[in-house]
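Structural overview
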Amino acid sequence: MWGEKPEYPEKTHAGPWRTCKLHTGGRPGFLTTFQAYKLRVTHIFQLKQHSILVTVGQDEHGINPLVKVWNLDKRDSGSPLCTRIFPAIPGNKPTEVSCLSVHENLNFMAIGFTDGSVVLTKGDITRDRHSKTLTLHEGTIPVTGLAFRQVAKVTHLYVATLEKVYCYSLSLKEYPKVELDTHGCALHCSSLTDPSQDSQFVVAGDECVYLYQPDERGPCFAFDGTKILARWHRGYLFLIIQNPKTRFGNRESCPSDKQLLTIYDLDNKFIAYSALFQDVIDVVAEWGSFFVLTRDGNMYIIQEKDTQTKLEMLFKKNLFVMAINLAKSQHLDSDGLSEIFRQYGDHLYLKGDHDGAIQQYIRTIGKLEPSYVIRKFLDAQRIHNLTAYLQALHRQSLANADHTTLLLNCYTKLKDSLKLEEFIKSSESEVHFDVEIAIKVLRQAGYHRHAVFLAEKHMHHDWYLKIQLEDLKNYEEGLRYIGRLPFEQAESNMKRYGKTLMHHIPEGTTLLLKGLCTNYHPSGDTAGTDSHFEKNLLKANSEEFIPIFANNPRELKAYLEHMIEVDPNSPQGVYDTLLELRFQDWAHEQHPERKKILQGEALSLLRSDNTVFDKALVLCQMHNFKEGILYLYEKGKLYQQIMHYHMQNEVYDKVVEACKRYGDQEVCLWEQALGYFARKEEDCKAYISEVLCHIDQNNLMPPLLVVQTLAHNSTATLSVIKDYLINKLQRESLQIEGDECKIQQYREETTHLRSQIQELRTSAKIFQKTKCNMCNSPLELPSVHFLCSHSFHQHCFESYADNEAECPTCAPENRKVIDMLRAQDQKSDLHDHFNRQLQSSHDGFSVVADYFGRGVLNKLTLLTDPPGRKPVGNVEVNL
């Protein structure tokens with residue numbers, strides 16, 4: 001998985017380093033140098049996050065190593081600025097430096113020595129004033145490796161010697177030490193992993209490579225051979241292995257034969273690269289590549305291939321598990337992982353490992369089209385694999401209705417009731433399928449019990465009732481279930497299944513309907529919810545449920561009577577239906593006493609204010625309910641209908657009684673009664689005499705019309721009307737005499753009036769009034785006198801008179817007379833115009849209709865003066 005490129009054109013030279021060569025340009029191959037020490041450089045540490053370089057070297061012969069800190073961003077005479085120099089000697093005894101490590105925050109620097117001691121510099125390492133140095137570790141075994149570990153605000157220092165591994169906690173006082181292992185490592189054989197690997201300390205021993213946490217040893221990996229170099233770069237472990245063991249600290253003694261460079265991917269547990277090199281000095285990482293430095297002055301570049309190329313190589317070798325692990329470690333997106341799982345599944349499917357293949361296909365759910373997998377496993381022998389895939393599809397809520405149908409069919413074909421129950425009895429948070437589709441499939445497959453459970457659990461009330469009532473015929477359970485539903489759903493389901501339930505459970509259904517139409521309380525509710533329903537009364541329209549009782553009149557009657565008792569404002573249909581039921585019961589009842597009771601019940605309902613006249617009358621006539629018919633006729637003031645009803649039934653007494661009772665409201669009843677009895681051939685003289693007596697007393701008919709009416713009756717002789725005619729003639733004679741007296745009186749009054757008018761025209765009028773007719777005070781000059789003998793003070797007359805030439809007292813009566821005369825004149829003219837227009841028009845009816853619309857032909861009633869009052873005033877002009 002790694003590529004090897006040719007060596008760089010410019011080579012580095014072997015031997016003791018007296019100069020430090022740095023890459024400062026933007027491209028590999030451009031080198032720059034500066035003089036760091038006079039003799040040699042032994043250790044270099046370049047910080048990753050800062051342009052700070054820390055070196056250890058010698059300016060003089062002997063054991064006197066110096067530590068120098070360089071700021072590469074600042075220049076001093078063309079070279080980097082050296083910010084600090086101090087000797088690297090623990091105590092007073094000189095010793096060689098074996099290893100160096102600097103913390104990225106520039107606050108810690110550790111130097112290991114061959115005498116087993118470790119010196120820690122704390123504070124700003126770039127300045128002398130802001131740091132202090134102390135001996136952190138002492139021992140006799142040379143220190144071979146140092147590494148700082150920073151997690152959050154906790155800092156640790158790993159210390160490796162040839163025999164042991166320690167960890168110091170630098171965030172605590174006293175710097176407590178933990179001995180992690182009794183196995184050490186050689187020089188350059190320790191490193192620190194990336195933060196993604198939890199910053200573990202890597203120690204490469206002769207037999208194994210160990211990883212350490214601050215408080216314990218972690219996993220270990222067995223690698224044969226003597227390790228002379230261990231590095232960790234970008235998630236990979238680099239090991240230089242040489243079988244012969246080397247002596248510590250003497251690289252010159254290393255044999256010049258080939259050394260094996262192996263790059264390990266510990267996460268995915270495979271060797272990424274392996275090649276032989278000769279005399280490797282170090283392996284460094286920069287610019288996205290890895291550089292291998294050898295003692296012969298060559299530098300090799302190792303570049304990592306892209307992820308897709310790696311995966312293709314693993315696919316060719318059918319190393320799918322390794323490819324999956326690699327993709328995850330490279331944070332490949334979900335689409336890329338899904339494609340790997342698909343290829344792995346196809347590979348296992350071709351090998352015949354269907355169980356393994358379905359597990360890989362399950363991991364593609366959400367990316368791979370389910371039909372791709374389903375087609376492969378539709379064979380009956382692989383139905384259990386298909387079932388597993390469909391289950392996973394539902395668990396991830398990615399199944400559609402077809403997938404649910406297919407899964408349930410798989411369960412039913414496998415007859416796996418346990419799996420089926422587990423599937424449908426999953427908790428609501430685990431339901432990942434279309435419940436309605438599942439109910440349909442279970443019902444079609446005959447698993448009614450499971451379908452009912454699913455419908456009840458997920459509150460699919462329609463399906464629950466459909467299965468209970470149509471398939472299982474469990475009517476009592478269906479009725480109980482409806483009684484527990486909320487109001488709207490209970491109402492709709494009773495309208496749908498009410499007839500079926502009424503046929504099988506009439507009493508229970510009637511009881512539920514009574515509650516549904518008055519104040520509904522679901523049967524499962526507790527008493528604590530009563531106050532809620534009192535505030536929000538829930539009741540259905542009782543009239544809408546009447547058709548349910550089509551074949552159950554007894555229950556219908558009980559239901560309707562309950563409704564009008566509980567709710568007097570029930571719909572009109574309730575009263576009409578109950579009235580009809582009571583009429584039917586009355587009509588079919590044979591027992592006299594019971595029939596009388598039913599008649600009273602019907603009449604009581606009929607007399608209530610909730611019956612409709614027309615409907616009630618039709619019902620009474622249909623059932624020949626005499627009392628009801630007569631009551632309604634009387635209520636509707638149909639008096640003629642009452643009399644006609646008695647006439648049809650030839651109840652003569654009732655006919656006369658009706659005339660007496662209602663004759664004042666409709667006088668024509670006596671005329672109709674006379675005509676009825678006149679047409680009868682039976683001997684009805686007594687009834688005719690009674691009717692004639694009443695007609696005569698109230699002068700209801702002309703005598704001639706009475707004679708003509710009775711002329712049709714062969715049994716009515718002259719003796720029947722003899723008394724009537726004599727009385728009639730006597731009254732008319734008396735009336736004639738009275739009229740002649742009035743005529744004579746009117747003539748005398750007219751003569752008197754004419755004489756008064758003549759006197760007024762010819763004789764002088766003497767005014768002798770002493771009091772004002774307006775204020776009733778004595779008259780004083782100036783005063784006003786009228787010929788009507790009324791006198792007024794002048795100031796009273798001016799205050800109340802509307803016209804100076806008219807008496808204020810007589811003015812209202814004069815206006816009435818004048819208005820009457822004017823109206824007579826207008827009517828006479830209008831009559832003549834009406835006759836002319838009627839004669840000249842082709843459509844006489846339209847002319848009459850037009851005059852009717854204008855009110856011309858309306859009857860005019862004039863209010864005249866009360867008798868005995870004489871009209872007076874200045875009206876001679878009108879006269």
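Conventions adopted
Residues numbered from 1 in each chain as written. Predicted model: local features only at pLDDT ≥ 70, side-chain atom pairs only at ≥ 80, totals over all residues. Heavy atoms only, no water. Patch = residues over 30% accessible without salt bridge, like charges linked within 9 Å, V, L, I, M, F, W, Y side chains within 5 Å. Areas by Shrake-Rupley, 256 points an atom, 1.4 Å probe, with all protein chains shown as cover. Salt bridge = Lys/Arg side-chain N within 4 Å of Asp/Glu carboxyl O. Helix = DSSP H or I, 4+ residues; strand = E, 2+ residues; numbered from the N terminus. pLDDT = per-residue confidence, 0-100. Contact = heavy atoms within 4.5 Å. Pairing = 2+ DSSP bridges. Axes fitted to C-alpha atoms, helices over the stretch in contact; angles between N-to-C directions. Buried < 20%, exposed > 50% of the residue type's maximum accessible area, 1.4 Å probe, protein only. Arc of directions from axis to C-beta. Phe/Tyr/Trp six-rings, centres within 6.5 Å; stacked < 30°, edge-to-face > 60°. Lys NZ or Arg CZ within 6 Å of the ring centre and 35° of its normal. Parallel < 35°, antiparallel > 145°, perpendicular 65-115°, else oblique. Left-handed = near helix turned anticlockwise from the far one by under 90°. Nonpolar A, V, L, I, M, F, W, Y, C, P; charged D, E, K, R; others polar.

A look at a nonpolar patch on the surface
Together, Leu760, Phe767 and Leu787 make up a nonpolar patch on the protein surface, roughly 270 Å² of accessible area in all. Locating Leu760 in the fold gives a position in helix H26 (residues 718–762).

Focus: unusual backbone geometry
Excluding glycine, most residues fall at negative phi; most peptide bonds, likewise, are trans. With an omega of -5°, the peptide bond running from Leu781 to Pro782 counts as cis. Relative to the helices and strands, Pro782 is located in the loop between H26 and strand E27 (783–785).

Points about the confidence of the model for the protein
In the predicted model, the protein carries a mean pLDDT of 79, and 86% of its residues have values of at least 70. Across residues 244–255, where pLDDT falls below 50, the model places 17 contacts with residues more than four positions away in sequence or in other chains. Across residues 526–534 the pLDDT falls below 50, and counting only partners more than four positions away or on other chains, this stretch makes 7 contacts in the model.

Thoughts on the sheet that holds strand E20 (residues 226–233)
Judged by pairing direction, the sheet is antiparallel, and its 4 strands sit side by side in the order E20-E21-E22-E23 without closing on themselves. Of all strands in the sheet, those with a lone pairing partner are E20 and strand E23 (270–278), marking the two edges. Strand-to-strand twist across the sheet, computed as the mean angle between neighbouring axes with direction ignored, equals 20°. The pairing of strand E21 (residues 236–242) with strand E22 (residues 258–265) spans 5 bridges and is antiparallel. When the sheet's bridge partners are listed, Ile240 is paired in E22 with Leu261.

Examining the pairing of E20
Of all 8 residues in E20, 8 are buried; the element is thus mostly enclosed. Of the strand pairs in this sheet, E20 and E21 are connected by 7 bridges, and their pairing is antiparallel. From the neighbouring strand, Arg231 faces E21, where its bridge partner is Phe238. Linking two consecutive strands that pair antiparallel, namely E20 and E21, is a turn of 2 residues; a positive phi of about 50° is found at Arg234 within it.

Remarks on the environment of Ala451
Turning to its location among the elements, Ala451 is positioned in helix H10 (residues 448–457). Among the residues examined, Ala451 registers a relative accessible area of 0% and is labelled buried. The sequence separation of Ala451 and Ala438 amounts to 13 residues, and the corresponding C-alpha distance is 7.6 Å. Beyond its immediate stretch of four places on either side in the chain, Ala451 contacts Ile439, Leu442, Arg443 and Ile467.

Topic: helix H1 (residues 307–316)
Inspection of H1 places Thr307, Lys310, Leu311, Leu314 and Phe315 among the buried residues, and these make up the whole buried set. Take H1 and look down its axis: the buried residues cluster within an arc of 135°, on one side only. Buried residues along H1 sit in contact with E21, strand E26 (299–304), helix H2 (320–329) and helix H3 (334–351). Asn318 sits one or two residues past H1 and shows a positive phi near 60°.

Quick notes on the packing of aromatic side chains
The full count for this structure, using the stated rule, is 18 aromatic pairs. Residues Phe238 and Phe290 carry aromatic rings whose centres are separated by 4.8 Å and whose planes lie at 50° to one another, so their mutual orientation is tilted. Taken together, the residues span a long stretch of sequence, with Phe238 in strand E21 and Phe290 in strand E25 (residues 289–294) at a distance of 52 residues. For Phe238, a relative accessible area of 2% gives the class buried. Classification of Phe290 as buried rests on a relative accessible area of 0%. Linked through ring pairs, Tyr349, Tyr361, Tyr372 and Phe377 together constitute an aromatic cluster. Positioned over the ring face of Tyr37 is Lys68, at 4.4 Å from the centre of the ring. Residue placement shows Lys466 over the ring face of Trp463; its charged tip is 4.6 Å from the ring centre.

Structural notes on the pattern of salt bridges
Close approach of charged atoms allows side chains with opposite charge to pair. Enumeration over the complete set of coordinates arrives at 18 salt bridges. The partner of Asp471 in a salt bridge is Arg443, with the nearest N and O atoms 2.6 Å apart. With Asp471 in helix H11 (residues 461–471) and Arg443 in helix H9 (residues 435–444), this residue pair connects regions lying 28 residues apart in the sequence. Of the charged contacts, one joins Arg480 and Glu477 as a salt bridge, the two residues approaching to 1.7 Å between their closest N and O atoms. Here Glu477 and Arg480 lie together in helix H12 (residues 475–483), a separation of 3 residues that amounts to about one turn. Residue class for Arg480 comes out partly exposed when judged on its relative accessible area of 35%. Residues joined by salt bridges that share partners form a network here, namely Glu339, Arg342 and Asp346.

What about the sheet that holds strand E5 (residues 52–58)?
In space, the 4 strands of this open sheet follow the order E4-E5-E6-E7, with antiparallel pairing throughout. Both edges of this open sheet fall to strand E4 (40–46) and strand E7 (79–87), since each of them pairs with a single strand only. The mean angle between the axes of side-by-side strands here comes to 30°, regardless of whether they run parallel or antiparallel. Bridging between strand E6 (residues 66–76) and E7 involves 8 bridges; their strand directions are antiparallel.

Some remarks on the packing of helix H8 (residues 417–424) against H10
Look at H8 against H10: their axes get within 10 Å of each other, and the N-to-C directions meet at 15°. Comparing the axis directions of H8 and H10 gives the class roughly parallel. Crossing handedness for the pair H8 and H10: right-handed. Counted together, Leu420, Glu421 and Ile424 of H8 and Arg449, His450, Phe453, Leu454 and Lys457 of H10 form the full contact between these two elements. Of the residues that constitute the contact of H8 with H10, the class distribution is 4 nonpolar, 1 polar and 3 charged.

A word on the packing of H11 against H12
For the pair H11 and H12, interaxial distance at closest approach is 8 Å and the crossing angle is 160°. Taken as axis vectors, H11 and H12 run roughly antiparallel relative to one another. As H11 runs across H12, the sense of the crossing is left-handed. Facing His461, Tyr464, Leu465, Gln468 and Leu469 of H11, the residues of H12 in contact are Tyr475, Glu477, Gly478, Arg480, Tyr481 and Ile482. A per-class count over the contact of H11 with H12 returns 6 nonpolar, 3 polar and 2 charged.

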